[in-house]
Amino acid sequence: MLDIEAWRAMILEPYNRLGPGNYMVGARISDIGVVGVMEGRQPMIRVLTSQPDALGRSPGN
């Protein structure tokens, strides 16, 4: 799992911090670095929780 703490869409923009339990979808690519998945100008965020989701699935499924 990547530990991404903040993101920015363009190099001259300030960083936006991710809150606790929020994780950005991304990948580490050799010789390039870390690449995040974006939806427009917003990162694709996933929230980890210990509670079942709306469909009754437990975390990690």
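What counts, and where the lines are drawn
- Residues numbered from 1 in each chain as written.
- Predicted model: local features only at pLDDT ≥ 70, side-chain atom pairs only at ≥ 80, totals over all residues.
- Heavy atoms only, no water.
- Helix = DSSP H or I, 4+ residues; strand = E, 2+ residues; numbered from the N terminus.
- Buried < 20%, exposed > 50% of the residue type's maximum accessible area, 1.4 Å probe, protein only.
- Contact = heavy atoms within 4.5 Å.
- Areas by Shrake-Rupley, 256 points an atom, 1.4 Å probe, with all protein chains shown as cover.
- Pairing = 2+ DSSP bridges.
- Salt bridge = Lys/Arg side-chain N within 4 Å of Asp/Glu carboxyl O.

## With respect to the overall build of the protein chain
Helix and strand content of the protein chain: 0 helices and 8 strands. The order of α-helices and β-strands along the protein chain, N terminus first, is β-β-β-β-β-β-β-β. Considering the protein chain as a whole, with its 61 residues, one finds that 11% of them fall into the buried category. The long-range fraction of contacts in the protein chain, counting pairs at least 24 apart against all pairs at least 6 apart in sequence, stands at 30%. With the model as given, the accessible surface of the protein chain reaches about 5100 Å², and the carbon-plus-sulfur share is 55%.

## Details of the pairing of strand β4 (residues 26–29)
In this sheet, strand β5 (residues 33–36) lies alongside β4 in antiparallel orientation, the contact comprising 4 bridges. When the bridges of β5 are listed, Gly26 appears paired with Gly36. Adjacent in sequence and paired antiparallel, β4 and β5 are bridged by 3 residues, among which Asp31 carries a positive phi angle near 70°.

## A few points about the pattern of salt bridges
Under the counting rule described, the total for this entry stands at 1 salt bridge. Among the ionic pairs, Arg17 bridges to Glu5, the shortest N-O distance being 4.0 Å. With a gap of 12 residues between them, Arg17 in strand β2 (residues 16–17) and Glu5 in the segment before β1 (6–7) connect regions that are remote in the sequence. The exposure class of Arg17 is exposed, given its relative accessible area of 63%.

## Structural notes on the environment of Pro14
Note on placement: Pro14 falls in the loop between β1 and β2. Excluding anything up to four places from it in sequence, Pro14 contacts Trp7 and Arg8.

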